[in-house]
Amino acid sequence: MTKEKELTVQDLPGVGPTTAEKLAAAGIDTLLAVAVSSIGVLTEEAGVSDSVARKMIQAARDMMEMGFETADTILDKRAEVIKIKTGSEGFDEVMGGGFETGAITECYGEFGSGKTQVGHQLAVNVQIPKDQGGNESKVIYIDTENTFRPERILQMAEKAGLDPDTVLKNIKIARAYNSDHQMLLAEKSEELLKTGEYKLLIVDSLTAHFRAEFIGRGTLSERQQKLNKHMHTLLKLADMYNCCVLVTNQVMSKPNVMFGDPTQAIGGHVVGHSSTFRIYLRKGKKGSRVAKLVDSPNLPENECMFFVNTSGLNDKEE
Ligand code: ATP
Ligand code: MG
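Remember, it's a predicted structure, so these values are computed and weren't measured experimentally.

K.L.:
Quick rundown of the pattern of salt bridges? Include the residues and the values.
P.N.:
Across all of its chains, the model carries 9 salt bridges by this definition. Linking aspartate 239 and lysine 77 is a salt bridge whose minimum nitrogen-to-oxygen distance equals 3.8 Å. Of the two residues, aspartate 239 is situated in helix 13 (residues 220-240) and lysine 77 in helix 6 (residues 71-80); the sequence distance between them amounts to 162 residues. For the salt bridge of glutamate 100 with lysine 83, the shortest nitrogen-to-oxygen distance reads 3.8 Å. Here glutamate 100, found in strand 2 (residues 99-100), pairs with lysine 83, found in strand 1 (residues 83-84); they are 17 residues apart in sequence, far enough to count as distant. Overall, the relative accessible area of 4% leaves glutamate 100 in the buried class. Assessed through its relative accessible area of 31%, lysine 83 is described here as partly exposed.

Structure representation (structure tokens):
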């Protein structure tokens, strides 16, 4: 990966200054960005032919020695993973230490189960100084339901002993008005991620617009295709910029389930398979919340109880 600094996009076959400019305008301004791009995107953004696009991607991959990585580089990558604490030790433990960077975590559950609260809490905790166990990072928050509350951030910031003004300034919020806008905002967040200052990207809610816009059986495959593309963008960002991507998702009831839990997450496998961690949130006894980790690659299925207090997430009720 050290070669990336010496070579630029202009060193690729078929890329002159004009093409490089068009690519840069589309945010594709590094070899890595070309290497992980697709033929369709390059032809569309740079106006090159399919075969030129294919050669560009191949050359970028060769120059970066992509493809197979040795296990020790994967281990190095794993060492770069940051874990963002939730405020509840039980919840952190379920997550193997906290919410991981380099991955997508999906929180799904019914309304009021605490999905948005988890998002707000991580947006504060990721800002805690490193010597206090935090990550000193900024946050990108894509809000699709207009449920971001700065007042709530202030309550949590106070508990964490952080300067309230700075905490608010460190959270970049974008309101997404429909699913296309949401997808565009996800792509645009790459500009911020490139600065290296942002380690947390929240999409709350991932599925609400998709669910509202694509109604009826006939539109299902189109919806899933778009959602798939969106998840792919998020996955790429998580991986390229070692960023924690948190997406929230509602549940719908499964009409034919007689036993077990009659709810399932929206978006089905498209969302489920792209997420590295999936957490099912539900209301528990005496005002508590239950977080259950499902389908995780390296952690056992596990659950814990936590509380959403005025000061934020905690193991105990205030
Ligand atoms: P939806 O699907 O509607 O988006 P959600 O899963 O995002 O729901 P949240 O908004 O995260 O749900 O949870 C709302 C709950 O969080 C409230 O019902 C309340 O119990 C708790 N809560 C929110 N704000 C506070 C606060 N300031 N102090 C204490 N508890 C709070
Ligand atoms: Mg919510």
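And the narrative resumes.
K.L.:
Describe in detail the state of the cysteines, supporting the description with residues and values.
P.N.:
One pass over the full model with this rule turns up 0 disulfides. Of the cysteine sulfurs around cysteine 243, a residue in no disulfide, the closest is that of cysteine 244, at 6.7 Å. Relative accessible area serves as the criterion here: at 0%, cysteine 243 is assigned to the buried category. Not engaged in a disulfide, the cysteine cysteine 304 finds its nearest cysteine sulfur in cysteine 107; these two sulfurs lie 11 Å apart.

K.L.:
Summarise the sheet that holds strand 7 (residues 244-249); cite the residues concerned and give the values.
P.N.:
Strand order across the open sheet formed by 9 strands is 5-4-6-7-3-10-11-12-13, with mixed pairing between neighbours. The open sheet is flanked by strand 5 (171-175) and strand 13 (312-314), the only strands paired with a single partner. Pairwise comparison of adjacent strand axes, ignoring direction, gives a mean angle of 25° for this sheet. Across the sheet, helix 9 (residues 150-159) is in contact with strand 5, strand 12 (302-309) and strand 13; its angle to strand 13 comes to roughly 50°. Running at roughly 170° to strand 4 (residues 138-143), helix 11 (residues 179-193) makes contact with strand 4, strand 5 and strand 6 (198-204) of the sheet.

K.L.:
Just give me the short version of the nonpolar core, but keep the residues and values in it.
P.N.:
The biggest cluster of nonpolar side chains holds 47 residues, and the ones touching the most others in it are Leu12, Val34, Leu42, Leu201, Leu206, Leu234 and Val245. Structurally, this core is a two-domain feature, drawing no fewer than three residues from each of domain 1 (2-63) and domain 2 (77-309). Leaving out residues up to four positions away in the same chain, leucine 42 has contacts with Leu23, Ile28, Val34, Ser37, Gly47, Val48, Ala53, Met56 and Ile57. Ile128, Tyr141, Leu281 and Ala291 belong to the second-largest nonpolar core, a separate cluster that totals 34 residues.

Cut-offs and rules
- Residues numbered from 1 in each chain as written.
- Chains lettered and ligands numbered in written order.
- Predicted model: local features only at pLDDT ≥ 70, side-chain atom pairs only at ≥ 80, totals over all residues.
- Heavy atoms only, no water.
- Salt bridge = Lys/Arg side-chain N within 4 Å of Asp/Glu carboxyl O.
- Helix = DSSP H or I, 4+ residues; strand = E, 2+ residues; numbered from the N terminus.
- Buried < 20%, exposed > 50% of the residue type's maximum accessible area, 1.4 Å probe, protein only.
- Disulfide = S-S within 2.5 Å.
- Pairing = 2+ DSSP bridges.
- Axes fitted to C-alpha atoms, helices over the stretch in contact; angles between N-to-C directions.
- Contact = heavy atoms within 4.5 Å.
- Core = buried A, V, L, I, M, F, W, Y, C linked by side-chain atoms within 4.5 Å.
- Domains from an automatic or database assignment.

In short, shape yes, function no, at least from these values alone.
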